[in-house]
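As a plain string of letters, each chain reads:
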Amino acid sequence: MEARRIQIFDTTLRDGEQTPGVSLQTEEKVEIALALAKLQVDVIEAGFPVASPGDFEAVSQIASRVKGPTIAALARATEKDIETAYKAVKRADKPRIHTFIATSDIHLKHKLQMTRVELLERAEKAVRYAKSLVADVEFSAEDASRSDWDFLCQVYERAIAAGANVINIPDTVGYTTPMEFGALITYIREHVPNINEAVISVHCHDDLGMAVANSLAAVAAGAGQVECTINGLGERAGNAAMEELVMALQTRREYYHAVATINTKHIYRTSRLVSALTGIAVPPNKAVVGDNAFAHESGIHQHGVLNNPLTYEIMSPESVGVSRNAIVLGKHSGRHAFEERLKYLGYEFDADTINTLFAKFKDLADRKKMVFDRDIEALIVEKAAVRPEWYTLAYHHVASGNNILATASVQLRTSAGVAEAAGCGTGPVDAVFKAVEQAVGFPVGLKDYQLKAVTAGEDALGEATAWIERDGRIFSGRGLAIDVIEASAKAYVNAINKMLAVCGFPAIEEAKGGNNHG
Ligand SMILES: [Zn+2]
């Protein structure tokens, strides 16, 4: 039996961006979309254009700059939403409008205040309008898994008749189970007369930890598209994790008779990129992309894997882009070796970028004995998002101890000159944050802060993430340095730069005026 091809619909930039605490800038979204195109996903859902001007801008940038996958934009079943979605995606080579409306009685009654008959008309009208604008229209029945099955079949029949070529069956609240969901797919295939004119898609949430299992059950029952996100990001407990779905399909290909044409060697680095840009860490025990996913701790297992990896490995680390024998670079490694390593890791950059990265690498190698692939990837991610940098950290000095107040002084470079200030706090990180806040001259609003090591070892690179809040929006910043205080200060300054790029400088009366920018 020939394997069926399953379309991978990535919604990291739409549902994933709704992860609590995640707020990506346009350039970061484009960077992720480019990585998704390298992964060779079939569809990128780039955003929900009517939600905000920022969302609209990101979707239209991705539509014009990211080539290869279909670019989809989400729209409720209203003319304004659909028209806005169209304007945002129209420059894509393959644009798709994804329109949705809820079909469960709970949503009809408490959210939409509509009858079933009214809903059928609304869904049909929305699909018809979207189809008048683009050839590729996806229709979703929100909360499908809690909708009446026969009514659901009527809705899909009408949507397909109106021109939908993909019908999506979301488990919006993560309520279903694999057997039940598989049965629903089968039911829809048997009770929607025109079902052969459309691809069946599923969109599962992970509230009960079954998003991937439910999606795979749907594939087994005949679904042809799965919606998913990198690292399983998404609303609440998140969506089905793409890396798990894709590797399950690849590893159990004989079982599912289905295949996704993803370039799996890019999975690991895409996961790292998304983690770094969203500030959402990947747990070490996470399937496929966690640090421990290919680590063999017990002696018996190690011995077995050394004899033959098949003993305890169902897939190879190389297949997802994790190198087994990491070649370690050091301060004597030249530009050529560095460039070769970048190539081996799958990165192709222009000469300027390589020069910049090589300078950073040399700087790192001076202070760190061994430079691992993970370190190099961290450097690459650090340069990934280009944005106006209002402030850069010029120097910092911190004094702290167990019986003195921690004090810090910092100097920030700006286009207008330098800003200097001092601060004290409960510890060195707190003190350096206070000093930065004094230097910029307005209250920053730290929400959260996290520090971790990129690799093991006493001279490991520290990776700090700081989250700040302004106007109800969260901005995350990231900093990388061997000195963890420096990493923290850089993360804080990075978050401030991102906030300023979106919100601009706070009004004068709000600024508490700490410093001279001259
Ligand atoms: Zn969702």
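Presented here is an overview of the structure given in this document. (Residues numbered from 1 in each chain as written. Predicted model: local features only at pLDDT ≥ 70, side-chain atom pairs only at ≥ 80, totals over all residues. Heavy atoms only, no water.)

Turning our attention to the coordination of the zinc ion. Those donors, Asp 15 (OD), His 203 (NE2) and His 205 (NE2), are the protein atoms that reach the zinc ion, and they lie 1.9 to 2.2 Å from it. Binding-site remark: the zinc ion is held by donors from one chain whose sequence spacing is D-x187-H-x1-H. Here the residue Asp 15 occupies a position in the loop between β2 (7–10) and α1 (26–39), and His 203 occupies one in strand β8 (residues 199–204), the gap between them amounting to 188 residues. Comparing Asp 15 with His 203 shows no difference in burial state: the two are buried. (Donors = N, O, S within 2.8 Å, 3.2 Å for Na, K, Ca; no water. Helix = DSSP H or I, 4+ residues; strand = E, 2+ residues; numbered from the N terminus. Buried < 20%, exposed > 50% of the residue type's maximum accessible area, 1.4 Å probe, protein only.)

This paragraph deals with the nonpolar core. By size, the foremost hydrophobic cluster in this structure holds 98 residues, and its most contacted members are Phe 139, Tyr 156, Ile 169 and Ile 188. Excluding residues that lie within four positions of it along the chain, Phe 139 makes contacts with Thr 99, Ile 101, Ala 123, Val 127, Val 155, Tyr 156, Ala 159, Ala 164, Val 166, Ile 167 and Asn 168. Counting residues in hydrophobic clusters, the runner-up holds 33 residues, among them Ala 406, Ala 419, Ala 464 and Leu 500. (Core = buried A, V, L, I, M, F, W, Y, C linked by side-chain atoms within 4.5 Å. Contact = heavy atoms within 4.5 Å.)

The next subject is the sheet that holds strand β15 (residues 462–470). The strand order β14-β15-β16 describes an open sheet built from three strands, whose pairing is antiparallel. Among the strands making up the open sheet, the edge pair consists of β14 (446–453) and β16 (473–481). Within the sheet, the average angular offset between the axes of one strand and its neighbour, ignoring direction, is 15°. Note that β15 and β16 share nine bridges and pair antiparallel. Note on β16: the bridge partner recorded for Gly 462 is Ala 481. (Pairing = 2+ DSSP bridges. Axes fitted to C-alpha atoms, helices over the stretch in contact; angles between N-to-C directions.)

Here we take up the side chain of Glu 463. As for its position among the elements, Glu 463 is in strand β15. A relative accessible area of 7% places Glu 463 in the buried class. Polar side-chain contacts of Glu 463 include one of 2.6 Å to the side chain of Arg 478. In contact with Glu 463, other than residues within four places in its own chain, are Arg 272, Gln 450, Leu 451, Lys 452, Val 454, Arg 478, Gly 479 and Leu 480. (Polar contact = N/O pair within 3.5 Å; in protein donor to acceptor, adjacent residues only side chain to side chain.)

Applying the stated criterion to the full structure yields zero disulfides. The closest cysteine sulfur to the non-disulfide-bonded Cys 153 is located on Cys 204, 17 Å from its own sulfur. Accessibility expressed as a relative area gives 4% for Cys 153, which makes it buried. The thiol sulfur of Cys 204 is not disulfide-bonded, and the nearest other cysteine sulfur, from Cys 228, lies at 10 Å. We classify Cys 204 as buried; its relative accessible area is 0%. (Disulfide = S-S within 2.5 Å.)

On to helix α16 (residues 428–440). Here α16 is 13 residues long and its end C-alpha atoms lie 19 Å apart, about the 18 Å a rise of 1.5 Å per residue gives. Check the buried side of α16 and you find it contacts β11 (392–399), β12 (406–414), β13 (417–425), β14 and α17 (484–503). Trailing α16 by a residue or two, Gly 441 shows a phi angle of about 85°, which is positive. (Expected span 1.5 Å × (residues − 1).)

All told, the structure shown has twelve aromatic pairs when counted by the stated rule. With 6.3 Å between their ring centres and 80° between their planes, Phe 139 and Tyr 156 make a pair best called edge-to-face. With a gap of 17 residues between them, Phe 139 in strand β6 (residues 136–142) and Tyr 156 in helix α6 (residues 149–161) connect regions that are remote in the sequence. (Phe/Tyr/Trp six-rings, centres within 6.5 Å; stacked < 30°, edge-to-face > 60°.)

Let's shift gears to helix α3 (residues 79–89). Within α3, burial applies to Asp 81, Ile 82, Thr 84, Ala 85, Ala 88 and Val 89. Along α3, the residues classed as buried sweep out an arc of 165° about the axis, all on the same side. Those residues of α3 hidden inside the fold are in contact with α2 (53–65), β4 (70–76), β5 (95–102) and α5 (116–133). (Arc of directions from axis to C-beta.)

Time to look at the packing of α16 against α17. One way to put it is that α16 packs onto α17 with a least axis distance of 10 Å and a crossing angle of 35°. Relative to α17, α16 is oriented so that their crossing is right-handed. Residues Pro 428, Val 429, Val 432, Phe 433, Val 436, Glu 437 and Val 440 of α16 lie in contact with α17, whose contacting residues are Ile 485, Ser 488, Ala 489, Tyr 492, Val 493 and Ile 496. (Left-handed = near helix turned anticlockwise from the far one by under 90°.)

A few words now on the pairing of strand β3 (residues 43–47). Consecutive residues of a regular strand have side chains that alternate between opposite faces of the sheet. When you tally the buried positions in β3, you get five out of five residues, the bulk of the element. Relative to β3, β2 runs parallel, the two sharing two bridges. What sits directly across from Asp 10, in β3, is Ile 44. Viewed along the sheet, the connection from β2 through α1 into β3 turns out right-handed. Two strands pair when backbone bridges link them, and β3 and β4 are joined in this way by four bridges, in the parallel orientation. Along β4, the bridge assignment pairs Ile 44 with Ile 71. A crossover links β3 with its parallel partner β4, the connecting element being α2, and its sense is right-handed. (Right-handed = clockwise from strand over helix to strand, strands pointing away.)

This paragraph deals with the sheet that holds β12. With antiparallel pairing, three strands are arranged side by side in an open sheet as β11-β12-β13. Strand pairing shows two members of the sheet lacking a second neighbour, β11 and β13, which therefore form its edges. Between one strand axis and the next, the sheet turns through 15° on average, direction left out of account. By the bridge criterion, seven bridges tie β11 to β12 in an arrangement that is antiparallel. For His 397, the partnering residue across the bridge sits in β12 and is Ser 409. Contacts from α17 reach β11 and β12, with the element oriented near 135° to β11.

All right, on to the pattern of salt bridges then. Enumeration over the complete set of coordinates arrives at 31 salt bridges. Salt-bridge contacts for Lys 368 lead to Asp 375; the nearest nitrogen and oxygen are separated by 3.0 Å. When its relative accessible area of 1% is taken as the criterion, Lys 368 is described as buried. Among the residues examined, Asp 375 registers a relative accessible area of 0% and is labelled buried. (Salt bridge = Lys/Arg side-chain N within 4 Å of Asp/Glu carboxyl O.)

On their own, these measurements won't tell you what the molecule is for.
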